[in-house]
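For reference, the chains in residue letters:
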Number of protein chains: 4
Amino acid sequence: MVIHLKNTVSASIANEIAQQLQASIFQENDYFVLVTPSALKAVPEAIQPHVQAAWPMDSDIQLASKNYRSVLRSIRWGNTEIGGETNHTVVIAGPCSIESWEQIESVGKLLKSLNINTLRAGCYKPRTSPYTFQGLGLEGLKMLAEVRRLYGLNIITEVKDSSHIEEVIEYTDIVQIGAKAMYDQSILRRCGEIRKPVLLKRGFGTTLQEFVQSAEFILSGGNSEVILCERGIRTFETKTRFTFDLCGAAWLKQYTNCPVILDPSHAMGYAYGVPDLAKASVAFGCDGLLIEVHPNPKVAKSDSAQQLDFEVFTKLVGDMRKIAGAVGKEMI
Amino acid sequence: MVIHLKNTVSASIANEIAQQLQASIFQENDYFVLVTPSALKAVPEAIQPHVQAAWPMDSDIQLASKNYRSVLRSIRWGNTEIGGETNHTVVIAGPCSIESWEQIESVGKLLKSLNINTLRAGCYKPRTSPYTFQGLGLEGLKMLAEVRRLYGLNIITEVKDSSHIEEVIEYTDIVQIGAKAMYDQSILRRCGEIRKPVLLKRGFGTTLQEFVQSAEFILSGGNSEVILCERGIRTFETKTRFTFDLCGAAWLKQYTNCPVILDPSHAMGYAYGVPDLAKASVAFGCDGLLIEVHPNPKVAKSDSAQQLDFEVFTKLVGDMRKIAGAVGKEMI
Amino acid sequence: MVIHLKNTVSASIANEIAQQLQASIFQENDYFVLVTPSALKAVPEAIQPHVQAAWPMDSDIQLASKNYRSVLRSIRWGNTEIGGETNHTVVIAGPCSIESWEQIESVGKLLKSLNINTLRAGCYKPRTSPYTFQGLGLEGLKMLAEVRRLYGLNIITEVKDSSHIEEVIEYTDIVQIGAKAMYDQSILRRCGEIRKPVLLKRGFGTTLQEFVQSAEFILSGGNSEVILCERGIRTFETKTRFTFDLCGAAWLKQYTNCPVILDPSHAMGYAYGVPDLAKASVAFGCDGLLIEVHPNPKVAKSDSAQQLDFEVFTKLVGDMRKIAGAVGKEMI
Amino acid sequence: MVIHLKNTVSASIANEIAQQLQASIFQENDYFVLVTPSALKAVPEAIQPHVQAAWPMDSDIQLASKNYRSVLRSIRWGNTEIGGETNHTVVIAGPCSIESWEQIESVGKLLKSLNINTLRAGCYKPRTSPYTFQGLGLEGLKMLAEVRRLYGLNIITEVKDSSHIEEVIEYTDIVQIGAKAMYDQSILRRCGEIRKPVLLKRGFGTTLQEFVQSAEFILSGGNSEVILCERGIRTFETKTRFTFDLCGAAWLKQYTNCPVILDPSHAMGYAYGVPDLAKASVAFGCDGLLIEVHPNPKVAKSDSAQQLDFEVFTKLVGDMRKIAGAVGKEMI
């Protein structure tokens, strides 16, 4: 159950009630919000005098549920906004990994020229083998910051495990929690304490229920800016890297209040399919896309097969703008 | 290996060669086509004088492969064509099952008014329980024929098992082989002998490789008009009925020469998600869509949750036409 | 709901009631059994005078449910019995396909020498490609009959589609419905009319609910002898052919009254893993196993990788007998 | 490629070579071991004089591969050993979570009485919802240590994320890395530095390839004692919690040199199926089992449905000992 306490309730009383109800607690505007286990279906009588409003819930999808808050959350970074009252579809693009200054600078320049203002690139790579390229780490973060300065872009990069979470939080505009880290409570809880948007990727073996419950770890820490990202799930079909779960995305749109961003590059795993999937995503009505683009995909140190080259990407951006127009969305 | 014999080779010689190579054989234009196991990589010397052209193949996806024939097959029924040189996206719509004359007549009228000219409806339902509605059978086929006459529509209906295949072939314009029947070789081979288009649905547990190999049973019988239909696969996610495999559809588009039709209704299983998925499908660039529409979904005898009502469907058709325009397709 | 009518109710009254309740009907002993949609939770008042007993059901798993009939069904063929009051674990073994008289005769001889009395072998192969070996058909059935005569064995063989179902029913002691045919209602309903045991294999994309509902098609036709066979499901893991669903088998044991047979050969797909899985299956307490054995697996025309040779199989049978003893079962 | 340098090669030269080859490096006995990306298939000429032996590899499964080291690794903790030359099947048992001193003490006593000497219990629970019981943390670790002292048991407990890894390493005899943490490189790399056995659980969405590559992060850090644990994967079947992948376990046994432990409790998710699966696991020939047992499962704060009570567990241990005997294993 989500409970809004009256704004006259003090912090100490609020904490006492939270403890009594085994509830998470955070402050919002001038009142406290409690989230109890969803098994609690009615406010205990003794507590009622302190309660402004309460929402019993079916499951532990609570703060993210449309049953609690039916309006899509607004998420802002830099001069950009998605969700809320906007009709924006944001394109977030860049290489899988930062590999060199020349590489990332050229991508920054391309985005700028296409009026795309959010750059993605990985510095800490959650590779599945210890014997492959693991990312440039802090050096990569610094390059990202420099590209941001140079081209006036926003940046998003991934936290792979908690050993480098503070650096990522410091440098990035949006913190990305990757598909393999999305059950990591130390990362989730730390992201609940910050005041930057968090893009949470669905694990490839993760149900929608578990995915949104991961978002609850962040939301119940008091950070209201969570973006959900579908990037493909693992199924029996192996001719493509993953299976893009657009049905799942439709469910998220219907039942949650978090903006939904789609990642056709990781879902498909092969560049040939990415433009069609990206166009489909725009017509689907998502709040944004993550697309991998690289100046020379053939020599990329990770995800070589799935990154678009500049020519294909440039054509795709034009196509997507047309589709966005046809469905009443503005592509930013 | 696919082999085109010279047009001077007689039927008896052709059959002899086929037997020698354990090959399927059929006539095309004025020559014979053989398809051997893909393990054969070179034409045996003794046969070379009879051979016009030969295509060694990587796998038993042979006639359907772009490596054999790179141009998209043209499929025609009535006054309609998809694939080939067209840029058509066909909408095929109708109720899950025919339940009564009033029901199917009202759908026919609606389609007519929306300039949609192919009506789908099930007469033989492949239900998973013996204790539920099993379809109207032959009576349903006759109603379909009557609606066709009345509104000048084309019709497509499903063969569930081989007990009623001849009736379906007789009445329908396109034969649909359902997801549960697509491994049935008696149905597949019978459809190889006819000269009507066949819409083959992917089984929900079927790999793309097996799916296209099922099409090979039909194609190698001499029927060149096979449409592939992706309708959702079964995965660990159960909040939606199936998982719509758009990545798989991208693979089909890239590697096969058969038109691809998408079925968002069965994939999603819930009406709320169907419009967004249908719009995505159009932007994706599919050759057509199957969409379930019913005058009163709440009382439908099968697939009640997923059928659109007339109002939602009418709005969707308008939206899809705009998107088709934005991606350079014509919706028919 | 399953309803036993009083034995005084005539066929014509029984049929009338069945029609009224949209129920399946068959005769058992001296009374009629009706199975209505499970949505019906109470016997209508007007019918109550005709009713001996009634079992409301949670789902369309009805006749197969322990809630209807808690005792394990007894299944008999030749001099063999499983289920019921026995503690038998039957071994059913043989090659994937009959390829020649020498091959099948040698397997028959081996089984005889090991005191195994049921021989399996495929005559009609449900291959996924049209360009591979499709089985010997009727010729194979005749060879099987001859091996049966020669060594006093029972035989089981698979029906692939309805084109050859009558031949299979005529020749075999147990009719096997394969994983790809288990949704085929014309086969299922035909098997409901016969009086031979039916071994129903679970489709690799089939839920337990659908699997047992397929069995209901047979049971509600009046054939009470259905054996359920788990043979691996399709998952994201592709290093093995399928994933052996022992958890699912545990569910079947707990909730259904049909004997459960396990097929480690098809689940694994590689001979190296079959002995360990077979031993596990015995200790698990299944009612039987299907194991593929071939005189020379390397040259087998189908499933070459997964068939055991005679030496490995002979050793395995000895090992399984010891384990059967340790868990209080008798291996037959 | 795995490379053993000659024991005359100094640390500084070894490190230089490692850097040159982009290889992981650790010391074993009196020589250095390098592991390069598996793409390297031959030792560069300049380095050959320093090389004692080298194993080119097919994939990044290298140190764990039977192609490198065909003998099963021996893993020891306290007075216990599995793998190596032993024929041991170890039973590791205990509650899902430590909930109170009385609870864990009673389990310790039970294990002692059954001659089981390794106790498992969770202190930091990787729950999927923030609104449920999260474990007793450090307090739980201290209770575990006390039970160990009292009954002479060994203990194993799980690290959920890197925030508490040092406490777990300090208190436990075996470090368990849970299914949700197994991609966490900060945990994996830290476990590579310690000299305690590590039990690595397979993620429920993790391929065998990725699973063993996770083990490579630990092994290539110099810790040779890794146990692999299969605990069920996520599939389309939801009547059971997960699907127990015994086929996958057979692959691990065939291709890797790490002992394999099976966890039927988490795979099944329901107590009724655990005994049969556990008995199957013993006959399968695994090196050990994890089984959940609780004095009163009904009131358990986590995994209530799947924990065995003392009576069922005691009976099961007896049954398993008989089966172990029948397959030539000794249960410890």
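Criteria and thresholds
- Sequence positions are assigned chain by chain, starting from 1 and proceeding in written order.
- The naming scheme follows written order: chains are lettered A onward, ligands numbered 1 onward.
- For a predicted model such as this one, the threshold for reporting local features is a pLDDT of at least 70, and the threshold for listing and counting side-chain atom pairs is 80 or more; totals across whole chains, interfaces and linings nevertheless cover every residue.
- As a convention, hydrogens and water are excluded, and side-chain values are obtained from all of the structure's heavy atoms.
- By the criteria applied, helices consist of DSSP H or I runs no shorter than four residues and strands consist of E runs no shorter than two, each listed in order from the N terminus.
- Radius of gyration: C-alpha atoms only; globule rule: 2.2 Å multiplied by the number of residues to the exponent 0.38.
- With a 1.4 Å probe rolled over the protein chains alone, any residue whose accessible area is under 20% of its type maximum counts as buried; one over 50% counts as exposed, and the rest are partly exposed.
- Here a residue-residue contact requires only that any non-hydrogen atoms of the pair lie within 4.5 Å.
- Residue-level accessible areas treat just the shown protein chains as cover; the underlying method is Shrake-Rupley with a 1.4 Å probe.
- Positive charges are assigned to Lys and Arg, negative charges to Asp and Glu, while His and the chain termini are left out of the count.
- For the purpose of locating charges, the reference atoms are NZ of Lys, CZ of Arg, CG of Asp and CD of Glu.
- All axes here are fitted lines through C-alpha atoms, helices being fitted over the stretch that makes contact, and every angle between N-to-C directions spans 0 to 180 degrees.
- Each helix crossing is assigned a hand: it is left-handed if the near helix lies turned anticlockwise from the far helix by less than a right angle, otherwise right-handed if that turn is clockwise.
- Residue classes follow a fixed rule: Ala, Val, Leu, Ile, Met, Phe, Trp, Tyr, Cys and Pro count as nonpolar, while Asp, Glu, Lys and Arg count as charged, and any other residue, Gly among them, counts as polar.
- The term buried area refers to how much accessible surface (probe radius 1.4 Å) is lost by two components on association, counted for both of them together.
- Any carboxyl oxygen of Asp or Glu within 4 Å of a side-chain nitrogen of Lys or Arg constitutes a salt bridge here.
- Residues adjacent in sequence count toward polar contacts only when both atoms are side-chain atoms; beyond that, a polar contact is any pair of N or O atoms within 3.5 Å, and within protein one must be able to donate a hydrogen and the other to accept it.
- When DSSP locates at least two bridges between a pair of strands, those strands are taken to pair.
- Among the buried residues, those of types Ala, Val, Leu, Ile, Met, Phe, Trp, Tyr and Cys that are joined through side-chain atoms within 4.5 Å form a nonpolar core.
- Least squares is the method for superposing the copies, and the C-alpha atoms it fits come from residues with pLDDT of at least 70 in both.
- Here roughly perpendicular refers to angles of 65 to 115 degrees, roughly parallel to angles under 35, roughly antiparallel to angles over 145, and oblique to all remaining angles.
- By definition, the crossover connecting two strands over a helix is right-handed if that path, from the first strand to the second, turns clockwise as seen with the strands pointing away from the viewer.

S.K.: Even after reading the chapter, I still don't get the overall build of chain A, so can you show me in this structure?
M.R.: Each helix and strand in chain A was counted, giving 10 helices and 15 strands. In summary, chain A has a C-alpha radius of gyration of 20 Å against a globular reference of 20 Å for 332 residues, a match within 12%. Burial status across chain A gives 67% buried among its 332 residues. When contacts within chain A are restricted to residue pairs at least 6 apart in sequence, long-range pairs at least 24 apart make up 67% of them. Counting every atom, chain A has about 11,100 Å² of accessible surface; 48% of that belongs to carbon and sulfur. Positive and negative side-chain charges of chain A, numbering 34 and 36 respectively, have mean locations separated by a distance of 4 Å.

S.K.: What am I meant to see in the packing of helix 2 (residues 101–113) of chain B against helix 3 (residues 138–151) of chain B here?
M.R.: How two helices pack is summed up by the angle between their axes together with the distance between the axes. All names here are of chain B. Packing of helix 2 against helix 3 leaves a shortest axis separation of 10 Å and a crossing angle of 35°. Seen from above, helix 2 lies across helix 3 with right-handed handedness. Residues Trp101, Ile104, Glu105, Gly108, Lys109 and Lys112 of helix 2 form the contact with helix 3, whose participating residues are Met143, Leu144, Glu146, Val147, Leu150 and Tyr151. Broken down by class, the residue content of the contact of helix 2 with helix 3 amounts to seven nonpolar, one polar and four charged.

S.K.: I would appreciate a short explanation of the interface of chain D and chain C in the present structure.
M.R.: Facing 40 residues of chain D, the contacting portion of chain C comprises 40 residues. Regarding the contact of chain D and chain C, the summed buried area is about 3,100 Å², with carbon and sulfur atoms giving 72% of it. Among the residues chain D hides against chain C, the three largest losses belong to Phe236, Lys239 and Cys247 of chain D. Together they make up 21% of the total. Viewed at the interface, chain C and chain D are joined by four salt bridges. The shortest N-O distance in the salt bridge between Arg202 of chain C and Glu237 of chain D comes to 2.9 Å. Here chain D is connected to chain C by eight residue pairs in polar contact (both at pLDDT 80 or more). Of all the elements in the fold, those that place two or more residues in the side of chain D that touches chain C are helix 6 (208–219), helix 7 (246–255), helix 8 (264–268), helix 9 (274–284) and helix 10 (310–326) of chain D. It is helix 7 of chain D that provides the largest number of residues to the side of chain D that touches chain C, a total of eight residues.

S.K.: Explain the sheet that holds strand 4 (residues 51–55) of chain C here, please?
M.R.: Across a sheet, strands are paired by hydrogen bonds formed along the backbone, either parallel or antiparallel in direction. Residue and element names in this part refer to chain C. If you trace the four strands from one edge of the open sheet to the other, you get 2-3-1-4, paired in antiparallel fashion. Every other strand in the sheet has two partners, leaving strand 2 (24–28) and strand 4 as the edge strands with one partner each. Neighbour-to-neighbour, the strand axes of the sheet open up by a mean angle of 20°, direction not taken into account. In this structure, strand 1 (residues 2–5) lies alongside strand 4, joined through four bridges in antiparallel fashion. Pairing of Val2 across the sheet is with Trp55, part of strand 4. This element, helix 1 (residues 11–20), spans strand 1, strand 2 and strand 3 (31–35) of the sheet and lies at about 5° to strand 3.

S.K.: Before we go on, may I ask you to explain the nonpolar core in this structure?
M.R.: Side chains of a nonpolar character, in soluble globular proteins, are inclined to be buried together. Ile177, Phe313 and Met320 of chain A together with Ile177, Phe313 and Met320 of chain B are the most contacted members of the largest nonpolar core, which has 182 residues in total. Ignoring any residue separated from it by four or fewer positions in sequence, one finds Phe313 of chain A in contact with Val91, Ala93, Leu110, Leu111, Leu114, Ile116, Ile291, Val293 and Leu308 of chain A. Of all hydrophobic cores here, the second largest spans 180 residues; its members include Val35, Ile116 and Leu252 of chain C together with Cys191 of chain D.

S.K.: Just to check I follow, could you spell out the relation of the copies chain D and chain C for this structure?
M.R.: Two copies of a chain can be linked by a rotation about an axis combined with a shift along that same axis. Of the two same-sequence chains, chain D is brought onto chain C (RMSD 0.0 Å, axial shift 0.0 Å) by a rotation of 180°. Taken together, these values place the two copies in the relation of a two-fold axis. Ranked by how close their C-alpha atoms come to the rotation axis, the residues of chain D are headed by Ala280 of chain D, at 2.0 Å. Taken together, the interface assignments show that 100% of the residues at the interface of chain D recur at the interface of chain C, consistent with an identical surface on both copies.

S.K.: Where do I start with the interface of chain B and chain A in this structure?
M.R.: If you look at the interface, chain B gives 40 residues, while chain A gives 40 residues. Summed over both partners, the interface of chain B with chain A comes to about 3,100 Å²; 72% of that surface belongs to carbon and sulfur atoms. Put simply, chain B and chain A have four salt bridges between them. Between Asp276 of chain B and Lys253 of chain A there is a salt bridge; the shortest N-O distance is 2.8 Å. Put simply, the parts of the chain that give the side of chain B that touches chain A at least two residues each are helix 6 (208–219), helix 7 (246–255), helix 8 (264–268), helix 9 (274–284) and helix 10 (310–326) of chain B. Sorting elements by how many residues they give to the side of chain B that touches chain A places helix 7 of chain B first, with eight residues. For the side of chain B that touches chain A, the class distribution of residues is 21 nonpolar, 10 polar and nine charged.

S.K.: Looking at this model, I keep getting lost on the relation of the copies chain B and chain A. Mind explaining?
M.R.: Screw-axis analysis of chain B against chain A gives a translation of 0.0 Å along the axis, an RMSD of 0.0 Å, and a rotation angle of 180°. Most of the interface of chain B is mirrored in chain A, where 100% of its interface residues are also at the interface.

S.K.: What exactly am I supposed to notice about the packing of helix 2 of chain B against helix 10 of chain B here?
M.R.: Residues and elements named next belong to chain B. Where helix 2 meets helix 10, the axes come as close as 11 Å, and the angle between the chain directions of the two elements is 25°. By the criterion of interaxial angle, the relationship of helix 2 to helix 10 is roughly parallel. The interaxial crossing formed by helix 2 with helix 10 has right-handed handedness. On the side of helix 2, the interface is formed by Ser106, Val107, Leu110 and Leu111, while helix 10 contributes Phe310, Phe313 and Thr314. Taken together, the residues of the contact of helix 2 with helix 10 sort by class into five nonpolar, two polar and no charged.

S.K.: It is not clear to me how the environment of Tyr171 of chain A should be interpreted in this structure. Could you clarify?
M.R.: Residues and elements named next belong to chain A. Inspection of the secondary structure assignment puts Tyr171 in helix 4 (residues 165–171). Owing to a relative accessible area of 17%, Tyr171 belongs among the buried residues under this scheme. Remark: the alpha-carbon pair of Tyr171 and Thr80, spanning 91 residues in sequence, is separated by 17 Å.

S.K.: What exactly am I supposed to notice about the side chain of Glu105 of chain D here?
M.R.: Relative to the helices and strands, Glu105 of chain D is located in helix 2 (residues 101–113). Among all residues touching Glu105 of chain D, those that are not within four sequence positions of it are Val147, Leu150 and Tyr151 of chain D.

S.K.: I tried to follow the pairing of strand 9 (residues 154–159) of chain C on my own but got confused; where do I start?
M.R.: When a strand is regular, its side chains alternate between the sheet's two faces. All names here are of chain C. Within strand 9, six of the six residues are buried, which leaves it mostly tucked inside the rest of the structure. Read as a crossover between parallel neighbours, the route from strand 8 (residues 118–120) over helix 3 (residues 138–151) to strand 9 is right-handed. Bridge count between strand 9 and strand 10 (residues 174–177): four bridges; the pairing is parallel. By the bridge assignment, Glu158 is partnered in strand 10 with Gln176. Taken together, strand 9, helix 4 (residues 165–171) and strand 10 constitute a β-α-β crossover, and its handedness is right-handed.

S.K.: Can you help me understand the pairing of strand 12 (residues 226–230) of chain B in this one?
M.R.: Residues and elements named next belong to chain B. The buried count for strand 12 comes to five of five residues, which makes it a mostly enclosed element. Neither face of strand 12 is left uncovered, since the one carrying Val226, Leu228 and Glu230 and the one carrying Ile227 and Cys229 both have all their residues buried. Direction of pairing for strand 11 (residues 198–201) relative to strand 12: parallel, over a ladder of four bridges. Counterpart to Leu200 in the pairing with strand 12 is Leu228. Examined bridge by bridge, strand 12 and strand 13 (residues 260–262) share three bridges and lie parallel to one another. For Leu228, the partnering residue across the bridge sits in strand 13 and is Val260. In this fold, strand 12 hands off to helix 7, which returns the chain to strand 13; that crossover is right-handed.

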